[in-house]
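Breakdown of the fold
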Amino acid sequence: MAPLKIGVLLSGSGSNLQAIIDAIAAGRLNAEIRVVISSRPDAYGLVRAKEAGIQTIALSKDVYADYDMANEAIAAELVRAGCEYVVMAGYMRMVTDSILMAFPDRVLNLHPALLPSFKGAHAIQDAFEAGVKVTGVTVHFANAEYDKGPIVAQRAVEVAEDDTLETLEEKIHATEHELYPYVLQLIAENRVTVGADRKVHIS
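Quick caveat: nothing in here was measured; it's all calculated off a predicted structure. (Residues numbered from 1 in each chain as written. Predicted model: local features only at pLDDT ≥ 70, side-chain atom pairs only at ≥ 80, totals over all residues. Heavy atoms only, no water.)

Turning to the UniProt feature "binding site: N(1)-(5-phospho-beta-D-ribosyl)glycinamide" (unreviewed entry) in the protein chain, a few remarks are in order. Those places that UniProt annotates as "binding site: N(1)-(5-phospho-beta-D-ribosyl)glycinamide" (unreviewed entry) correspond, in this numbering, to Gly14, Ser15 and Asn16. Mapping Gly14 onto the fold places it in the loop between β1 (4–10) and α1 (15–25). Taking the relative accessible area as the measure of exposure, Gly14 reaches 7% and is therefore buried. In contact with Gly14, other than residues within four places in its own chain, are Gly45 and Arg48. (UniProt positions renumbered as here; feature names shortened; annotations may be inferred. Helix = DSSP H or I, 4+ residues; strand = E, 2+ residues; numbered from the N terminus. Buried < 20%, exposed > 50% of the residue type's maximum accessible area, 1.4 Å probe, protein only. Contact = heavy atoms within 4.5 Å.)

What follows is the structure, encoded as structure tokens:
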């Protein structure tokens, strides 16, 4: 089976990108990263991509002054690179219709909580401060509503009595690094579909 061709969007350190690169190298994930696009020129994820021999594109703050034009440019680059799916890995910008319509139900996002709980940019801290005993990680398809697209997979993370915010963050990130490549492999095996009910079904 041909490798799944993906484009990765990121804004930061790129630890989830690294987890995907490592899973491909280990033979656990039948995929090929065609391009990595960063919303910040200084993102360390770009270094990780270059070290792996992956094409990179860095966008500046000025590009995002016109949000729609920025998203159109990103969509064009992803299409040009031959991507089949778009993988958001710590991408701190909202994707708009130009990307979502170019890749319908093929834009994945990773959220560090069990959606629909604790939406937004501070999910780990919000869950920790709420005193929940279980939180986790969600992989979902992005849509026009923030953190509301169809859920593909979730994995629970227990909050221990002695956890601090920092240790909980470490556990969440370790879970992300396992779950994201796993989901991508399900997609590579053509096992993931979005039904008419807008729920994800895994065969």
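From this point on, the discussion continues.
This part is about the UniProt feature "site: Raises pKa of active site His" (unreviewed entry) in the protein chain. Within this numbering scheme, the UniProt entry marks Asp147 as carrying the feature "site: Raises pKa of active site His" (unreviewed entry). Among the secondary structure elements, Asp147 is positioned in the loop between β6 (134–141) and β7 (151–158). Under the relative-accessibility criterion, Asp147 is labelled buried at 6%. Setting aside residues up to four positions removed in sequence, Asp147 forms contacts with Asn109, His111, Leu115, Lys119, Gly120 and His140.

So, about the pairing of strand β2 (residues 31–38). Two faces make up the sheet, and in a regular strand the side chains alternate between them. Of all the eight residues making up β2, six are buried; the element is thus mostly covered by neighbouring parts of the structure. Across three bridges, β2 lies against strand β3 (residues 56–58) in parallel orientation. Residue pairing for β3: Ser38 is matched across the bridge by Ala58. You can see the chain leave β2, run along helix α2 (residues 44–51) and come back into β3, and the turn it takes is right-handed. (Pairing = 2+ DSSP bridges. Right-handed = clockwise from strand over helix to strand, strands pointing away.)

Spatial strand order, β3-β2-β1-β4-β5-β6-β7: seven strands in an open sheet with mixed pairing. On the outer flanks of this sheet lie β3 and β7, each paired with one strand and no other. Between one strand axis and the next, the sheet turns through 20° on average, direction left out of account. Pairing of β1 with strand β4 (residues 85–88), which is carried by four bridges, proceeds in the parallel orientation. Directly across from Gly7, in β4, lies its bridge partner Val86. (Axes fitted to C-alpha atoms, helices over the stretch in contact; angles between N-to-C directions.)

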